[in-house]
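# Examination of the molecular architecture
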Amino acid sequence: GSMSSCRSQAFHSFENAIDADPRNIEAWRRLIESAEYLYDRRERIRKLEAFVAEFPERAEALVAAAEAAGERGAFDKGVRFAHKAIALEPTNRSAHDLISRLTVGKARKKAREGKLDVARKLYLRAFDERPKCTQGQRLRASGEIAAFLSSISEDDRVDGMFDEVN
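Presented here is a report on the structure given in the accompanying data block. In this text, all values refer to a predicted model and were calculated from it rather than measured experimentally.

### A short note on the pattern of salt bridges
As enumerated under the stated definition, the model contains 18 salt bridges in all. Ionic pairing is found between Arg-44 and Glu-36, a salt bridge with its closest N-O pair at 3.5 Å. Judged by its relative accessible area of 13%, Arg-44 is buried. Between Glu-71 and Arg-44 there is a salt bridge; the shortest N-O distance is 2.9 Å. With Glu-71 in helix H4 (residues 59–71) and Arg-44 in helix H3 (residues 41–54), this pair connects stretches of sequence that are 27 residues apart. Several salt bridges converge on common partners, so that one network encompasses Glu-26, Arg-29, Arg-30, Arg-58 and Glu-60.

### With respect to the packing of helix H2 (residues 25–38) against H3
Their axes nearest at 7 Å, the elements H2 and H3 cross at an angle of 160°. Classed by the angle they form, the pair H2 and H3 counts as roughly antiparallel. For the crossing formed where H2 meets H3, the hand is left-handed. Along the contact surface, H2 presents Ile-25, Trp-28, Leu-31, Ile-32, Ala-35 and Glu-36, while H3 presents Arg-41, Glu-43, Arg-44, Lys-47, Leu-48, Ala-50, Phe-51 and Glu-54.

### Quick word on H2
End to end, H2 covers 20 Å across 14 residues, agreeing with the expected 20 Å (1.5 Å per residue, within 8%). Restricting attention to buried positions, one finds in H2 the residues Ile-25, Ala-27, Trp-28, Leu-31, Ile-32, Ser-34 and Ala-35. Among the residues of H2, the N-terminal cap falls to Asn-24, whose side-chain oxygen and the backbone nitrogen of Glu-26 are separated by 3.3 Å.

### A word on the nonpolar core
Judged by nonpolar contacts, the single largest core of 32 residues is most densely connected at Trp-28, Leu-31, Phe-51, Val-52, Phe-55, Phe-81 and Ala-85. Taken together, the elements giving at least two residues each to this core come down to helix H1 (2–20), H2, H3, H4, helix H5 (75–88) and helix H6 (93–112). It is H4 that provides the largest number of residues to this core, a total of eight residues. Not counting the four nearest positions on each side in its chain, Phe-81 is found in contact with Val-52, Leu-62, Ala-65 and Ala-66.

### Some words on the environment of Arg-29
When you line up the elements, Arg-29 lands in helix H2. By relative accessible area, Arg-29 is classed as partly exposed at 30%. Along the backbone, Arg-29 and Leu-48 are 19 residues apart, and their C-alpha atoms lie at a distance of 9.2 Å. Setting aside residues no more than four positions away along its own chain, Arg-29 makes contact with Arg-58 and Glu-60.

### Some remarks on the packing of aromatic side chains
Counted by the stated rule, this structure contains three aromatic pairs. Ring geometry for Trp-28 against Phe-51: centres 5.7 Å apart, planes inclined by 35°, an arrangement best described as tilted. A residue pair is termed long-range when its members are at least 10 positions apart, and Trp-28 in helix H2 and Phe-51 in helix H3 qualify at 23 residues. Among the residues examined, Trp-28 registers a relative accessible area of 7% and is labelled buried. For Phe-51, a relative accessible area of 2% puts it in the buried group. Here a set of aromatic residues connected by ring pairs shows up, and it is made of Trp-28, Phe-51 and Phe-55.

About the criteria used
Residues numbered from 1 in each chain as written. Predicted model: local features only at pLDDT ≥ 70, side-chain atom pairs only at ≥ 80, totals over all residues. Heavy atoms only, no water. Salt bridge = Lys/Arg side-chain N within 4 Å of Asp/Glu carboxyl O. Buried < 20%, exposed > 50% of the residue type's maximum accessible area, 1.4 Å probe, protein only. Helix = DSSP H or I, 4+ residues; strand = E, 2+ residues; numbered from the N terminus. Axes fitted to C-alpha atoms, helices over the stretch in contact; angles between N-to-C directions. Parallel < 35°, antiparallel > 145°, perpendicular 65-115°, else oblique. Left-handed = near helix turned anticlockwise from the far one by under 90°. Contact = heavy atoms within 4.5 Å. Expected span 1.5 Å × (residues − 1). Polar contact = N/O pair within 3.5 Å; in protein donor to acceptor, adjacent residues only side chain to side chain. Core = buried A, V, L, I, M, F, W, Y, C linked by side-chain atoms within 4.5 Å. Phe/Tyr/Trp six-rings, centres within 6.5 Å; stacked < 30°, edge-to-face > 60°.

Below, the structure is given as structure tokens:
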């Protein structure tokens with residue numbers, strides 16, 4: 001309909017703004033925001049990767065690239081991007097949180113492959129990564145780990161096991 005053609009015109013105007021000035025970070029943000037909305041996740045991931053290629057020196061871009069890597073299951077690559085972001089900006093909370101989330105993602109994948117020892121180690125590491133956990137978060141995390149470990153030992157049907165853990 002006409003609505004979607006308006007949206008794609010907006011998308012192309014952001015692309016044009018970036019062509020005119022590749023360092024226009026606001027245009028990049030809008031472009032990435034609208035990519036998935038207009039096209040699909042793959043298009044958004046492509047734009048994110050172009051974004052980090054243009055701004056390798058910005059933590060924001062590296063965090064975006066880390067997220068994109070995680071979305072396509074490239075967890076190690078995502079962690080590398082997040083570590084680069086932290087090297088530039090040690091207090092970047094989203095980068096620290098992402099490392100935990102990516103590590104949990106990798107743990108889920110290993111568990112689904114039946115590599116339960118690896119999964120367990122990764123899962124524990126994910127909670128070590130969180131720099132300043134409140135006591136409550138720590139308790140919840142150790143509860144999650146305990147549930148995770150007991151579900152592994154009593155039952156090898158691992159699929160879907162992690163769905164509640166975010």
